[in-house]
Amino acid sequence: RNEMMFDEQKAFIENASHELQTPLAITLGKLELLMTDEGLSEGQLLQLSQIKQSLTRMTHLNKSLLMLTRIENHQYKETESVSFQGLITAILDDLTDLIEYKELRVEVNALQDFRVEMNKDLAAILISNLVRNAIKYNFKGGEIKVVIRGDRFEVQNSSQDHLPLDVERIFKRFHKGEQDANSTGLGLAIVKSIGDAYQLDVSYRFKEGRHCLEVRDKR
């Protein structure tokens, strides 16, 4: 009976998140259309912009919660031998504009390829979340260093405030610290959930003024 109730609860969470996607998308579309009305005052446009920002955050939050549920329900069945070196290179290329905008120096030190049997889409999300964090919470002109070894990889970034993060809370859902009020607080929770699903240990340390997030194969 407990197993049945647990399965029903998981199904409800996924269904509820899925059903929210359509009305959120429709509302955002109508709001964007309304914002093109030339008769709106500056104050009205500002209010609509704030509403749009809240709805966009809600959409991202809903998608992230749905992804977490699917990961924990083991719904990403397809697996293959994923080259983390190849994915990291591709993701850094995709984020070139953002990296250049913040004038960040990026160094990739690939000592040996890190390969894991897992879902390739989830591997890309894991890497992307770590790299985007390293960009987002860096200062203009800062540094990002990626180190790849046979059994692990690590993303390091210079720190805005030169203070360590709360290692007890950074992987918990909805933890955002004080840096970004618009964050969903789920990026590192998703990284941790993906790691747990494939026996990958995700850890954090603060070293020589740098935030260091490491993903290590526990097998």
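Thresholds applied
- Residues numbered from 1 in each chain as written.
- Predicted model: local features only at pLDDT ≥ 70, side-chain atom pairs only at ≥ 80, totals over all residues.
- Heavy atoms only, no water.
- Helix = DSSP H or I, 4+ residues; strand = E, 2+ residues; numbered from the N terminus.
- Buried < 20%, exposed > 50% of the residue type's maximum accessible area, 1.4 Å probe, protein only.
- Contact = heavy atoms within 4.5 Å.
- Areas by Shrake-Rupley, 256 points an atom, 1.4 Å probe, with all protein chains shown as cover.
- Axes fitted to C-alpha atoms, helices over the stretch in contact; angles between N-to-C directions.
- Parallel < 35°, antiparallel > 145°, perpendicular 65-115°, else oblique.
- Left-handed = near helix turned anticlockwise from the far one by under 90°.
- Polar contact = N/O pair within 3.5 Å; in protein donor to acceptor, adjacent residues only side chain to side chain.
- Phe/Tyr/Trp six-rings, centres within 6.5 Å; stacked < 30°, edge-to-face > 60°.
- Pairing = 2+ DSSP bridges.
- Arc of directions from axis to C-beta.
- Salt bridge = Lys/Arg side-chain N within 4 Å of Asp/Glu carboxyl O.

Participant: Summarise the overall build of the protein; cite the residues concerned and give the values.
Facilitator: Assigned secondary structure in the protein consists of six helices and seven strands. Secondary structure elements of the protein occur, N-terminal to C-terminal, as α-α-β-α-α-β-β-α-β-β-α-β-β. Across the 219 residues of the protein, 38% fall into the buried class. Here the contacts in the protein between residues at least 6 apart in sequence split such that 71% fall between residues at least 24 apart. Surface exposure of the protein reaches about 13100 Å², of which carbon and sulfur atoms provide 50%.

Participant: With reference to specific residues and values, describe unusual backbone geometry.
Facilitator: One non-glycine residue, glutamine 199, lies in positive phi territory at about 55 degrees. Within the secondary structure, glutamine 199 sits in the loop between α6 (187–197) and β6 (200–207).

Participant: Can you lay out the packing of helix α2 (residues 42–72) against α6 for me, pointing to particular residues and giving the numbers?
Facilitator: It is at 10 Å that the axes of α2 and α6 come closest, and there the two elements cross at 15 degrees. Relative to α6, the element α2 lies roughly parallel. Crossing hand, α2 versus α6: left-handed. Between α2 and α6, the residues in contact are Ser64, Met67, Leu68, Ile71 and Glu72 and Ala189, Ile190, Ser193, Ile194 and Ala197, respectively.

Participant: Go over the side chain of glutamate 214, please, and point to the residues and values.
Facilitator: Relative to the assigned elements, glutamate 214 resides in strand β7 (residues 210–217). Classification of glutamate 214 as buried rests on a relative accessible area of 9%. Side-chain polar atoms of glutamate 214 contact the side chain of arginine 216, separated by 3.4 Å. If sequence neighbours within four positions are ignored, glutamate 214 has contacts with Arg152, Phe153, Glu154, Asp201, Val202, Ser203 and Arg205.

Participant: Explain the packing of aromatic side chains to me, using residue names and the numbers behind them.
Facilitator: Summed over all chains, the structure comprises three aromatic pairs. Of the aromatic side chains, those joined through ring pairs into one cluster are Phe84, Phe114 and Phe153.

Participant: Tell me about the packing of helix α3 (residues 84–94) against helix α5 (residues 120–136), and please be specific about residues and values.
Facilitator: Contact geometry of α3 with α5 gives a least axis separation of 10 Å together with a crossing angle of 55 degrees. The orientation of α3 with respect to α5, classified from their angle, is oblique. In the packing of α3 onto α5, the handedness of the crossing is right-handed. For the pair α3 and α5, contact is made by Phe84, Leu87, Ile88, Ile91 and Leu92 and by Lys120, Ala123, Ala124, Leu126, Ile127, Ser128 and Val131, respectively.

Participant: How would you sum up the side chain of asparagine 138? Please name residues and give values.
Facilitator: Position of asparagine 138 among the secondary structure elements: in the loop between α5 and β4 (143–149). In this structure the side chain of asparagine 138 is engaged in a polar contact, spanning 3.0 Å, whose partner is the backbone oxygen of glutamate 143. Apart from residues lying up to four places away in sequence, asparagine 138 is in contact with Lys102, Leu104, Glu143, Ile144, Asn157, Ser158 and Gln160.

Participant: Describe the environment of valine 191, listing the residues and the values that go with them.
Facilitator: For valine 191, the position within the fold is in helix α6. Here the alpha-carbon distance between valine 191 and isoleucine 127, two residues 64 residues apart in the chain, equals 8.1 Å. Residues contacting valine 191, with those up to four places away along its chain left out, are Leu126, Asn129, Leu130 and Val202.

Participant: Can you break down the pairing of β4 residue by residue, with the values?
Facilitator: A regular strand places its side chains on the two faces of the sheet in alternate fashion. Judged from the six bridges that link them, strand β2 (residues 105–110) and β4 form a sheet pairing that is parallel. Paired with valine 108 across the two strands is valine 146, which belongs to β4. Across six bridges, β4 lies against strand β5 (residues 152–158) in antiparallel orientation. Following the sheet pairing, isoleucine 148 is matched in β5 by phenylalanine 153. If you look at the hairpin formed by β4 and β5, you'll find two residues sitting between the two strands.

Participant: Provide a residue-level description of α3, including the pertinent values.
Facilitator: Of all the positions in α3, only Phe84, Leu87, Ile88, Ile91 and Leu92 are classed as buried. Axial view of α3: buried residues confined to an arc of 130 degrees, hence all on one face.

Participant: How would you explain the pattern of salt bridges if you had to name every residue and give the values?
Facilitator: Counted by the stated rule, this structure contains nine salt bridges. Salt-bridge contacts for arginine 216 lead to aspartate 151; the nearest nitrogen and oxygen are separated by 3.9 Å. Here the residue arginine 216 occupies a position in strand β7, and aspartate 151 occupies one in the loop between β4 and β5, the gap between them amounting to 65 residues. Residue classification places arginine 216 among the partly exposed residues on the basis of a relative accessible area of 29%. A single salt-bridge network, built from bridges that share partners, covers Asp151, Arg152, Glu214 and Arg216.

Geometric descriptors of this kind do not, in isolation, establish any biological role.
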